Amino acid sequence: MIKPETSARLYVVGNINVDVIMSTLDEWPQKGTEAMLESSAIRPGGSAGNCALALDALNTPYRLVANQGNDQFTPWLAELFAASAADWPRYACETSLTFGVTHSDHERTFFSNQGHIARLSRDDVLSQLPREAVAGDWVLLCGTFLCTALFAEYSSLLETLKRRGFKVAIDSGWPPAGWSATLRQQLFPCLKNCDALLLNEVETLGLSGCNSLPDAASMLLDLLADNAVVVAKCGPDGAYLWSAQTHLHTPAEAIAVVDTIGAGDSFNAGYFSALIYGQDAATALDWGVRVASAAISSSPRRYPDWQTLFSTAHRANRQENQ
């Protein structure tokens, strides 16, 4: 099968950092003691970084729009994303770093500093994007609440992106201090220029303040741009998509989970890969679930190639017209 051509591109904007991952811890040790864990890994991370790694593996046209610090980790991250890093502005600060501990129930605990991602600005982002989008171009904004300087300029940034002709998606992640009425009111006005909201189940409920996903989707769709979608990533239950016209659900196949870190980011890579190649919403949801499932069930991490994604028949999607 010949891979289809596309002139569209996904621009992934936001938090790329260094992840230090240790496994496996079930009980926190006493202060002042030392615990020996089974394994460790140092790898690029952050929501934007994890998505970019999956896009690389999928060979999807993309650019990682970010900034960088100025320490020993700076050249290492830049080398891993050489096609994008030449345009990253450098700040005289430490690289953002996350220390993560995984647990035997596949949950994980993260500790992060602020570092360079807190300094990423609207001008930094816009300087790395075309003045005019190509048809089919998307901008995916990741790590909303971690990129604190950028979040302060979200409203102006999204307005500019829409004027340039981009479709805009947001994967905000979970706010470190939790959801509050003040935080919701800060983000809600920005959503009028958002074409896709991709959150996990608890983030969808947290942002909306609703008790069920259908109610949350209905409430959030009223805040989004015309013809927008709300996507809820639900782990073993797959993913759901709501728009004004349709409701889709793609279930996930049973897998042996190895490492759930970056599952939602891998989903984003699969989902937008489908859209970049002109596929429909049902296919995008299917690709997202399949890429995420492959990622979290492998170590070293593996992803399906484009031939597998294009040639494998879609799983049955349950659809309800609203």
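Note: the structure precedes this text.
My aim in this report is to walk through the structure given alongside it, one point at a time. Fair warning: this is a prediction, and the values are worked out from it, not measured in the lab.

Considerations on the packing of aromatic side chains
At step 1: The full count for this structure, using the stated rule, is 15 aromatic pairs.
At step 2: With a centroid separation of 5.1 Å and 85° between ring planes, the pair formed by Tyr271 and Phe272 is classed as edge-to-face.
At step 3: With relative accessibility at 3%, the residue Tyr271 sits in the buried group.
At step 4: You can call Phe272 buried: its relative accessible area is 0%.
At step 5: Through a chain of ring-to-ring contacts, three or more aromatic side chains come together here, namely Phe145, Phe151, Tyr154, Trp174 and Trp179.

Some details on the pattern of salt bridges
Two side chains carrying opposite charge are able to pair once their charged atoms lie near each other.
At step 1: Taken as a whole and judged by the stated rule, the model has five salt bridges.
At step 2: In this structure, Arg122 engages Asp123 in a salt bridge whose closest nitrogen and oxygen atoms are separated by 3.2 Å.
At step 3: Assessed through its relative accessible area of 52%, Asp123 is described here as exposed.
At step 4: The partner of Lys233 in a salt bridge is Asp171, with the nearest N and O atoms 2.9 Å apart. Taken together, the residues Lys233 in strand S10 (residues 229-233) and Asp171 in strand S8 (residues 167-171) connect sequence positions 62 residues apart.
At step 5: The buried category is assigned to Lys233, whose relative accessible area is 10%.

Quick word on helix H1 (residues 47-58)
Count 3.6 residues to each turn of an α-helix, and residues three or four apart come out pointing the same way.
At step 1: In a regular helix each residue adds 1.5 Å, so 12 residues correspond to 16 Å; H1 covers 17 Å between its end C-alpha atoms and thus fits that length.
At step 2: Along H1, nine of the 12 residues are buried, which leaves the element largely enclosed by surrounding structure.
At step 3: Inspection of H1 places Ser47, Ala48, Gly49, Asn50, Cys51, Ala52, Ala54, Leu55 and Leu58 among the buried residues, and these make up the whole buried set.
At step 4: Note on H1: the residue one or two positions beyond its end, Asn59, has a positive phi of about 60°.

Structural notes on helix H8 (residues 201-208)
At step 1: Considered for burial, the residues of H8 that qualify are Glu203, Thr204, Gly206, Leu207 and Ser208.
At step 2: Those residues of H8 hidden inside the fold are in contact with S8, helix H7 (181-187), strand S9 (196-200), helix H9 (213-221) and S10.
At step 3: Among the residues of H8, the N-terminal cap falls to Asn200, whose side-chain oxygen and the backbone nitrogen of Val202 are separated by 3.2 Å.
At step 4: Directly beyond the C-terminal end of H8, a positive phi value near 80° is found at Gly209.

Some thoughts on the sheet that holds strand S6 (residues 108-112)
At step 1: Strand order across the open sheet formed by four strands is S3-S2-S5-S6, with mixed pairing between neighbours. Here the strands that pair on one side only, and so sit at the sheet edges, are strand S3 (39-45) and S6. Within this sheet the neighbouring strands show an average axis-to-axis angle of 20°, counted without direction.
At step 2: With six bridges connecting them, strand S2 (residues 17-23) and strand S5 (residues 97-102) associate as parallel partners. Each bridged residue has a counterpart across the sheet, and for Ile21 the counterpart in S5 is Gly100.

The rules behind the values
Residues numbered from 1 in each chain as written. Predicted model: local features only at pLDDT ≥ 70, side-chain atom pairs only at ≥ 80, totals over all residues. Heavy atoms only, no water. Phe/Tyr/Trp six-rings, centres within 6.5 Å; stacked < 30°, edge-to-face > 60°. Buried < 20%, exposed > 50% of the residue type's maximum accessible area, 1.4 Å probe, protein only. Salt bridge = Lys/Arg side-chain N within 4 Å of Asp/Glu carboxyl O. Helix = DSSP H or I, 4+ residues; strand = E, 2+ residues; numbered from the N terminus. Expected span 1.5 Å × (residues − 1). Contact = heavy atoms within 4.5 Å. Polar contact = N/O pair within 3.5 Å; in protein donor to acceptor, adjacent residues only side chain to side chain. Pairing = 2+ DSSP bridges. Axes fitted to C-alpha atoms, helices over the stretch in contact; angles between N-to-C directions.

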